[in-house]
Amino acid sequence: MSATFTLDGEAIEFEPGQTLIEAARVKGRFIPFLCAHPEFPAHGSCRVCTVLVNGRPMASCTTKAAEGLVVESTTAELKSDRQALVQMLFVEGNHFCPGCEKSGGCTLQSLGTELGVTSAGFAHESPRRPVDASHPDILLDFNRCILCELCVRASADVDHKDVFALSGRGLSKHLIVNAESGRLADTGMSTTDKAMTVCPVGVILKKRHGFHAPIGERPHDVESPRQHVEHVKGRAP
Ligand code: FES
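Predicted model, so just to flag it, every value in this text is computed and none were measured.

Colleague: Where do I start with the overall build of the chain in this structure?
Modeller: Within the chain, the regular secondary structure consists of six helices and 10 strands. Taken along the three principal axes of its C-alpha coordinates, the chain extends 55 × 40 × 35 Å. Going through the 237 residues of the chain one by one, you find that 47% of them count as buried. When the accessible surface of the chain is split by element, carbon and sulfur atoms take 52% of a total near 11900 Å². Distance from the positive charge centre (25 side chains) to the negative charge centre (28 side chains) of the chain: 3 Å.

Colleague: When you look at the sheet that holds strand β6 (residues 131-132) in this model, what are you seeing that I'm missing?
Modeller: The strands that make up a sheet are held in pairs by hydrogen bonds between backbone atoms, and each pair lies either parallel or antiparallel. Spatial ordering of the open sheet is given by β6-β7-β10, a layout of three strands whose pairing is antiparallel. Every interior strand has two partners, whereas the edge strands, β6 and β10 (204-206), have only one. Relative to strand β7 (residues 138-141), β6 is paired through two bridges, and the arrangement is antiparallel. Following the sheet pairing, Asp 132 is matched in β7 by Leu 140.

Colleague: It is not clear to me how the pattern of salt bridges should be interpreted in this structure. Could you clarify?
Modeller: Close approach of charged atoms lets side chains of opposite charge pair. In total, this model carries 12 salt bridges according to the counting rule given. A salt bridge links Arg 29 to Asp 8, with the nearest nitrogen and oxygen atoms 2.6 Å apart. In this pair, Arg 29 is assigned in the loop between α1 (20-26) and β3 (50-53) and Asp 8 in the loop between β1 (4-7) and β2 (10-13), connecting sequence segments 21 residues apart. In this structure, Asp 137 engages Arg 208 in a salt bridge whose closest nitrogen and oxygen atoms are separated by 2.9 Å. Taken together, the residues Asp 137 in the loop between β6 and β7 and Arg 208 in the loop between β10 and α5 (219-222) connect sequence positions 71 residues apart. Owing to a relative accessible area of 31%, Asp 137 belongs among the partly exposed residues under this scheme. Assessed through its relative accessible area of 67%, Arg 208 is described here as exposed. Counted as one network, the salt bridges with shared partners bring together Asp 8, Glu 10 and Arg 29.

Colleague: What am I meant to see in the pairing of β7 here?
Modeller: Judged by which residues are buried, β7 turns out to be covered on both faces: Ile 138 and Leu 140 on one side and Leu 139 and Asp 141 on the other are all buried. Counting the residues in the hairpin turn of β6 and β7 gives five residues. Of the strand pairs in this sheet, β7 and β10 are connected by three bridges, and their pairing is antiparallel. By the bridge assignment for β10, Ile 138 is matched with Lys 206.

Colleague: Looking at this structure, I do not really get the environment of Gly 112. What am I missing?
Modeller: Structurally, Gly 112 is set in helix α3 (residues 107-114). A relative accessible area of 4% means that Gly 112 is categorised as buried. C-alpha separation for the pair Gly 112 and Lys 206, spaced 94 residues apart in sequence, amounts to 24 Å. Setting aside chain neighbours within four positions, we find Gly 112 in contact with Val 86 and Val 117.

About the criteria used
- Within every chain, residues take consecutive numbers counted from 1 along the sequence as written.
- Totals for whole chains, interfaces and linings use all residues, but because this is a predicted model, local features are given only for residues with pLDDT of at least 70 and pairs of side-chain atoms are given and counted only at 80 or more.
- The basis for every side-chain value is the complete set of heavy atoms in the structure, and neither hydrogens nor water enter the calculation.
- In this description a helix means any DSSP run of H or I spanning at least four residues, a strand means any run of E spanning at least two, and both kinds are numbered starting from the N terminus.
- Buried means the residue's accessible area, taken with a 1.4 Å probe over protein chains only, is under 20% of the maximum for its type, while exposed means over 50%, and partly exposed covers the values in between.
- For the area figures, the Shrake-Rupley method with a 1.4 Å probe applies, and any residue is considered shielded solely by the protein chains shown.
- When charges are tallied, Lys and Arg are placed among the positive residues and Asp and Glu among the negative ones, while His and the ends of the chain are skipped.
- Note on charges: their place is set at NZ of Lys, CZ of Arg, CG of Asp or CD of Glu.
- For two strands to count as paired, DSSP must find a minimum of two bridges between them.
- We define a salt bridge as a contact between a side-chain nitrogen of Lys or Arg and a carboxyl oxygen of Asp or Glu at a distance within 4 Å.
- Residue contacts are counted whenever heavy atoms from the two residues lie within 4.5 Å of one another.

Below, the structure written as structure tokens:
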């Protein structure tokens with residue numbers, strides 16, 4: 001007899017070591033997520049995947065499945081909290097989706113659509129953030145960073161270059177380029193790096209590659225927004 005937990009009343013079998021979100025996904029159940037990535041250990045920064053585990057809120061990407069757990073992922077309060085979290089991510093940066101090269105291929109945008117986010121919901125913070133165009137082939141637009149740290153980990157753990165880091169704390173926390181000059185041109189970053197592929201928004205872009213898929217043929221259009229969140233570049237946990 002396999003071990004099971006219940007997810008919104010449905011029995012979900014799991015393998016030892018699987019997280020709640022992984023086990024749910026195998027059974028075809030979608031729990032919204034953003035910062036999780038199958039190639040990196042989950043670190044639970046965005047909290048979009050929060051579920052109730054025996055009545056307590058927990059990140060489903062970091063919580064291991066265990067026999068007999070009672071998990072709820074679709075309560076009205078959880079849905080409302082997820083919408084608010086995504087709204088806060090939108091207003092905390094400068095996300096001008098219609099003019100963004102990643103529009104239609106952005107996981108945050110697809111997640112907002114999937115969750116029914118139709119307005120900002122909060123006052124825009126409109127931070128002043130730089131754009132780094134110093135590299136001949138790569139553009140960095142820090143306005144769109146959601147602090148998921150995937151580029152930091154990809155550059156450190158896979159590319160072994162440590163091109164990115166997070167600096168500051170709390171509201172002043174922000175992504176930086178790990179060079180004395182602070183410029184991407186002064187790092188070993190290349191367009192073939194893993195760090196180029198993991199950003200769920202439009203911070204790290206190849207120059208001269210924007211808007212290559214017309215509206216109607218972008219990932220967000222070809223798949224449903226949910227499928228795009230689930231499948232984008234293998235990001236699903
Ligand atoms: Fe679980 Fe971000 S905290 S996906």
